[in-house]
Amino acid sequence: MHRSRVLVFGLVAAMLLSALAAGCTGQKKAAYPEKPIELVVPYAPGGGSDVLGRHIADIIQKEKILPQPINVVNKPGAGGQVGMSYVNTKKGDPYVILTFITGQVSGPKTVPGAVPASVFTPIARLALDEECIVVKIDSKYQTIEQLMEAAKQGEKAVSIGGTAVGQEDQMVTVMLEQASGVKFNYIPFDSGGEVMKALLGGHIDAAWANPNECVSQVDGGLAKVIAVAAPQRLKKWPDAPTLKEKGYNVVFEQFRGIVGPPEMPQEAVKVLAEAFKKLSESQDWQTRYIEKNALTSAYQGPEEFAAYMKEVDQLTTELLKALGLIK
Amino acid sequence: MSVDSVLGVAASVGGLLLIWQGRGFGYWVHLSGPGPGFFPVVLGLLLQPVAVLLVVGGRTVGEKPDWSRSGLRAVGAGALAFAVTIWLVSWLGMLVTVGLYTLVWLRLVGRYAWPRVVALAAGTVLAVYLIFVLWLRVPFPTGILPL
Amino acid sequence: MDTWSYLWQGFLSVFQPQHLLFCVIGVVAGQVIGALPGIGSVSGVALLLPLTFGMDPESAIIMLTGIYYGCMYGGTVSAVLIDIPGDSAAIMTGLDGHRLALQGRGGQALFMAAVGSFIAGTFGILMLTLFAPPLARFGLRFGPPETAALMLLALTSLGWLTGESAAKGLLSALLGLFLAVIGVDSVSGRPRFTMGVIDLMDGIPFLPVVIGIFGITQVLLWLESRAQWKVMKANLGLRAILPSVQEWAVSKWAIVRGTIIGFFVGLMPGAGATTASFLSYTIERQSSRRAHLFGKGAIEGVAAPESANNAAAIAAYVPLLSLGIPGSATTAVLMGGLMLWGLRPGPLLFRDAPEFVWGLIASMYVANFLLLAVNTLAIPPMIRILSIPAPVLMAIVSVISIVGAYCIDNSVFDIWLALGAGVLGYFMHKLKIPVPPVVLGLVLGPDLETAMRQSFMLSKGSVAIFFTRPIALGLLIATALFLSAPAIGGLLRRRRSPSRQPAEGQG
């Protein structure tokens with residue numbers, strides 16, 4: 001008993017000392033970053049943003065792109081709002097960054113008192129996730145023409161599943177409705193997995209899915225992509241036409257990028273943007289993240305990304321108005 | 001009135017509030033069935049017979065919970081201690097707060113001698129540190145101290 | 001190569017010394033983390049996932065399987081010993097398990113849980129090995145209407161849990177369902193009862209509530225009573241924890257039924273393991289001749305839900321491996337982990353990386369076996385938790401409740417929620433309102449509402465969708481039977497054995 005107590009005290013003392021020591025060495029003026037960077041993922045582990053965050057942390061460390069590691073911290077909740085308001089409190093802190101997707105631009109608009117996307121400091125856009133229309137392999141709608149034809153038969157004649165309300169899948173549905181004049185029966189599910197399950201079970205006629213949400217079912221011969229809402233056909237599935245070439249002017253992409261807290265120091269933004277550029281050009285990133293998740297690699301630096309976010313902001317505002325979710 | 005009857009009346013009032021609020025949310029939507037208010041309204045309706053059962057049952061049973069003044073005071077103090085602790089977590093950081101809580105608890109509630117209290121509290125903090133910080137890398141709030 | 005030779009290859013891989021070591025580490029780590037109150041399989045796996053980063057994929061998946069398994073077993077330990085379920089699937093285990101522990105038979109309860117879990121796990125893995133594709137196709141037949149009907153069936157069996165007063169049980173369940181409504185409506189996007197609090201938008205998460213209503217409530221109740229633990233000094237030898245012949249006899253069929261119910265409920269989407277444990281407990285209680293002992297320390301009340309939740313946890317792998325769709329929240333986290341190695345679970349994986357899939361399945365057999373060993377051998381030392389002096393144990397419970405509630409989502413708000421739930425739990429205890437229904441209402445409510453409204457959207461507002469689909473109709477008929485059964489059963493029991501009433505009072 002006595003011995004173990006001494007041991008415990010010894011350990012605590014050692015911990016305190018090492019903490020002090022760490023504090024002292026931190027005083028030296030060194031180049032940014034001089035300590036680990038916290039990468040906040042405002043969604044739960046296992047989701048798309050989490051997979052992005054983990055790949056960033058892993059590859060930046062392996063390829064020694066930055067002298068300090070990046071630590072992924074999940075702060076899920078309220079469609080990203082919990083993590084966003086956390087980072088919003090870290091004004092000017094160069095050691096906190098945040099994964100950012102289209103839903104984090106549109107989401108706050110529908111929530112009174114939420115932190116809007118515009119307060120954050122854009123650092124880099126990394127990838128685009130396309131929206132695909134998927135049907136079951138033996139569906140009676142084998143082409144987008146057949147699906148649209150059936151949808152014209154009446155209000156809500158065709159059911160189309162997607163993830164959540166007021167998010168990308170529903171917004172692109174509205175775009176297609178505006179472009180074609182039909183009304184779909186949009187059914188929201190809690191996750192991409194549930195959408196695919198309902199589709200494969202034949203409970204819904206079609207579904208919106210990002211390539212990474214449907215790649216294993218499509219490549220596994222269970223489902224089929226009949227159209228994409230991208231500017232051009234996907235490298236992955238060159239047989240699937242774009243909605244644009246079928247006469248519907250619908251282009252909608254979900255972006256994945258990184259932002260910093262408000263008033264983040266310029267030199268930190270510069271260093272990080274450069275690091276993400278290197279990351280995005282690395283072989284490991286291109287094969288292990290981009291290809292495996294069927295994404296489109298689309299790096300943009302801070303200025304371009306800021307301009308791009310503004311466009312997304314305008315487009316999503318219009319779509320949410322059309323959905324009646326904002327006035 | 002017995003406690004159960006009070007509970008019943010409260011349940012009924014709560015149910016009516018749910019119905020009122022639920023109707024405001026939208027009860028039924030054309031071509032898509034139940035709206036956001038459907039569930040609250042149904043819950044509010046279901047609460048009514050339950051409330052009646054409680055009031056009727058309460059009249060015959062009329063049993064009082066075994067509340068004592070000293071017991072309630074202890075529970076109040078315990079809940080307050082939790083609240084203060086949670087509030088302190090953001091200020092002092094998780095590890096320091098947990099250590100303080102254990103110290104105070106063991107001294108005031110356990111009435112152990114100081115050496116034992118300190119050893120146990122230090123052990124708790126160390127265990128939390130080893131498991132959650134070192135091993136699981138949980139990002140605890142650090143507060144004003146570097147721990 | 002056929003299934004068996006692939007599986008043989010898988011075993012060869014798992015039995016490589018370093019792989020076996022990772023399996024053991026994973027199993028023990030999972031067991032320890034899973035046993036911490038409130039940190040059940042979802043957050044346990046999420047927390048331990050980073051440990052496997054930097055390993056080669058095969059070692060990593062073997063360790064992850066060990067972790068997954070360990071967390072499932074671990075949740076039982078805290079439920080039985082200190083009445084704080086590790087996760088929602090262990091709530092039913094705690095009802096009788098903790099009573100048994102207080103009667104000095106905690107060892108037997110844990111032993112039976114380990115054996116039940118082992119049998120259920122083995123059955124589940126065999127089914128997974130042999131029939132994954134057809135089982136996955138069966139699971140797909142469960143669309144929104146079937147899910148809604150299943151949830152309704154689970155909820156109506158709440159009636160069996162009500163304890164002394166049916167009205168109070170119903171009140172508790174309705175309270176849980178109300179708490180489940182709070183947050184942004186997942187179908188229309190409209191916030192309900194959030195009072196402008198952003199943290200409430202996603203609804204009330206059930207893990208902090210479980211921690212609060214079981215952990216913090218217990219601390220508060222103890223502060224009031226200052227009771228010492230009234231545990232009979234249990235003999236700590238391994239032989240002394242073996243269940244008696246009679247306990248085996250009553251648990252045998254409970255394990256079999258729990259396994260089968262658990263596996264098939266687990267194939268369906270939604271709150272798999274929780275619903276499974278819940279249904280199997282109520283069915284066990286209904287079919288038992290010792291129904292009066294349930295809730296007072298019936299060992300089959302531990303055996304059935306434990307078998308069910310383990311079988312369901314394995315069943316969640318069926319859609320993951322054969323369709324690439326995670327069958328539960330925990331498998332969703334696992335899938336995210338696998339994707340870090342560029343491994344995408346799904347139909348193609350069997351073709352592209354068979355050694356990996358079969359290594360995974362083989363490691364499940366091994367992990368299951370290791371856990372049986374760990375859980376039986378470790379019972380004696382674990383029982384010692386009960387001999388920690390009450391003030392110290394309560395301090396530990398408080399600390400773990402605070403830390404555990406924070407860890408789930410790294411959120412201080414969740415600790416506040418846990419405290420709120422703790423205070424609520426205290427008053428519920430004082431007013432003799434049963435606690436399990438409120439938690440189960442909270443767990444099942446969101447799935448019930450979402451599935452029901454999705455069904456109506458599919459049918460464009462027509463109720464017919466529930467009556468024209470055979471599975472949904474069957475489940476609704478079962479629900480109706482369940483609803484009317486208490487009345488019929490009550491009448492029968494009163495006529496059959498009036499002499500049994502006094503025995504109930506003693507237990």
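What you see is a predicted model; the values in this text were computed from it and never measured.

Section: the overall build of chain C
What chain C contains, in helices and strands, is 22 helices and two strands. For a compact globule of 507 residues, the expected C-alpha radius of gyration is about 23 Å, and chain C comes in at 22 Å, within 12% of that figure. When burial is assessed residue by residue, chain C has 64% of its 507 residues classed as buried. Within chain C, residue pairs in contact and separated by at least 24 positions form 80% of the contacts whose partners lie at least 6 positions apart. Here chain C has roughly 17,200 Å² of accessible surface; of this, 67% comes from carbon and sulfur atoms. For chain C, the separation between the mean place of its 30 positive charges and that of its 23 negative charges on side chains is 13 Å.

So, the interface of chain C and chain B
In this complex, chain C contributes 60 residues to the contact, which on the side of chain B involves 61 residues. Across the chain C to chain B interface the summed buried area is about 5,300 Å²; carbon plus sulfur atoms make up 82%. At the boundary of chain C and chain B, one finds one salt bridge. Across the salt bridge formed by lysine 168 of chain C and aspartate 4 of chain B, the nearest N and O atoms sit 3.1 Å from each other. Taken together, chain C and chain B are joined by six residue pairs in polar contact (both at pLDDT 80 or more). Of all the secondary-structure elements, those providing two or more residues to the side of chain C that touches chain B are α2 (17–35), α3 (41–48), α8 (166–181), β2 (191–192), α9 (206–225), α18 (390–409), α19 (412–430) and α20 (436–458) of chain C. Sorting elements by how many residues they give to the side of chain C that touches chain B places α18 of chain C first, with ten residues. When grouped by side-chain class, the residues that make up the side of chain C that touches chain B number 44 nonpolar, five polar and eleven charged.

Quick look at the confidence of the model for chain A
All names here are of chain A. Chain-level statistics for chain A give a pLDDT mean of 87 and a share of 91% at 70 or above. Within chain A, no element has a lower average pLDDT than helix α1 (residues 2–25), which sits at 46, and none a higher one than strand β5 (residues 132–136), at 96. Scored below 50 in pLDDT, residues 1–11 shows six contacts in the model against residues more than four places distant or in partner chains. Here residues 13–29 scores under 50 on pLDDT; set against residues more than four positions off or in separate chains, the count is five contacts.

As for the packing of helix α11 (residues 272–287) of chain C against helix α12 (residues 300–315) of chain C
Residue and element names in this part refer to chain C. Remark: α11 packs on α12, axes separated minimally by 8 Å, with the N-to-C direction vectors making an angle of 150 degrees. Viewed along their axes, α11 and α12 adopt a mutual orientation that is roughly antiparallel. Where α11 crosses over α12, the two elements pack in a sense that is right-handed. Within the contact between the two elements, α11 uses Gly272, Ala273, Ala276, Ser277, Ser280, Tyr281 and Glu284 and α12 uses Glu300, Gly301, Ala304, Pro305, Ala308, Asn309 and Ala312.

Reading the values: rules and limits
- Residues numbered from 1 in each chain as written.
- Chains lettered and ligands numbered in written order.
- Predicted model: local features only at pLDDT ≥ 70, side-chain atom pairs only at ≥ 80, totals over all residues.
- Heavy atoms only, no water.
- Helix = DSSP H or I, 4+ residues; strand = E, 2+ residues; numbered from the N terminus.
- Rg over C-alpha atoms; globule rule 2.2 N^0.38 Å.
- Buried < 20%, exposed > 50% of the residue type's maximum accessible area, 1.4 Å probe, protein only.
- Contact = heavy atoms within 4.5 Å.
- Areas by Shrake-Rupley, 256 points an atom, 1.4 Å probe, with all protein chains shown as cover.
- Lys, Arg positive; Asp, Glu negative; His and termini not counted.
- Charge placed at Lys NZ, Arg CZ, Asp CG, Glu CD.
- Buried area = accessible area lost by both parts, 1.4 Å probe.
- Salt bridge = Lys/Arg side-chain N within 4 Å of Asp/Glu carboxyl O.
- Polar contact = N/O pair within 3.5 Å; in protein donor to acceptor, adjacent residues only side chain to side chain.
- Nonpolar A, V, L, I, M, F, W, Y, C, P; charged D, E, K, R; others polar.
- pLDDT = per-residue confidence, 0-100.
- Axes fitted to C-alpha atoms, helices over the stretch in contact; angles between N-to-C directions.
- Parallel < 35°, antiparallel > 145°, perpendicular 65-115°, else oblique.
- Left-handed = near helix turned anticlockwise from the far one by under 90°.

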